[in-house]
Amino acid sequence: MTLQNLLGINRLQAHHAEAVAVQKLLASARRNLADAHVAGISTDNRFDAAYKTIMQCAMLGLWANGYRTATSQPGHHQTAIQCLTLTMGVAKDDVIVLDSLRRQRNVTDYEGDPVSEAILAACLEEVGKLLAHTADWLRDVHPDLMEQ
């Protein structure tokens, strides 16, 4: 599957990213990851903040490539995460882990299962790597989106 194929089946939409919007979303991802490290709140809320960072990084990869998810379509979170290999060259094994965190988020949000300390710790490690990769990738591949 390619990004163009996903556009053709309406999983993605064309999108023109502005540098200001990219920088704003990247700053928000950094704030969410910082919030996820605050020990004074529940593991569930820390996990939720970390998961938001995953989605923001996935959106940045799509935006920089001229796409965004079709949010009216079910499964747009899954689409965004699974596109990370195509958009930013994230290793498939890492995408599998990130997608498992998406599934955990669904169980937590829709069934009320609590997030364990171990899952939160694993999530924070993965999200930290993804955010660093995203910032490096944007700087290296799309420096025009990093300039004001």
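Residues numbered from 1 in each chain as written. Predicted model: local features only at pLDDT ≥ 70, side-chain atom pairs only at ≥ 80, totals over all residues. Heavy atoms only, no water.

### Details of the pattern of salt bridges
Here's step 1: Taken as a whole and judged by the stated rule, the model has five salt bridges.
Here's step 2: For E126, the salt bridge goes to K129, with nearest N and O atoms at 3.3 Å. In this pair, E126 and K129 both sit in helix 7 (residues 117-141), three residues apart, roughly one turn of the helix.
Here's step 3: Accessibility expressed as a relative area gives 13% for E126, which makes it buried.
Here's step 4: For K129, a relative accessible area of 42% translates into the label partly exposed.
Here's step 5: Notably, a salt bridge pairs D136 with R139, separated by 2.3 Å at the nearest N-O pair. With D136 and R139 both in helix 7 and three residues apart, this pair spans about one turn of that helix.
Here's step 6: Residue classification places R139 among the partly exposed residues on the basis of a relative accessible area of 45%.
Here's step 7: Salt bridges sharing common partners tie together D99, R102 and R103. (Salt bridge = Lys/Arg side-chain N within 4 Å of Asp/Glu carboxyl O. Helix = DSSP H or I, 4+ residues; strand = E, 2+ residues; numbered from the N terminus. Buried < 20%, exposed > 50% of the residue type's maximum accessible area, 1.4 Å probe, protein only.)

### Details of the nonpolar core
Generally speaking, soluble globular proteins have nonpolar side chains that are buried together.
Here's step 1: The biggest cluster of nonpolar side chains holds 43 residues, and the ones touching the most others in it are I54, L62, I81, L84 and L130.
Here's step 2: When residues of this core are traced back to their parent elements, those giving at least two are helix 1 (3-8), helix 2 (19-36), helix 3 (43-64), helix 4 (76-82), helix 5 (84-88), helix 6 (92-111) and helix 7.
Here's step 3: If we ignore the near neighbours within four places in the chain, the residues touching L130 are I54, C57, L84, M88, V90 and L98. (Core = buried A, V, L, I, M, F, W, Y, C linked by side-chain atoms within 4.5 Å. Contact = heavy atoms within 4.5 Å.)

Keep in mind these numbers describe shape, not what the thing actually does.
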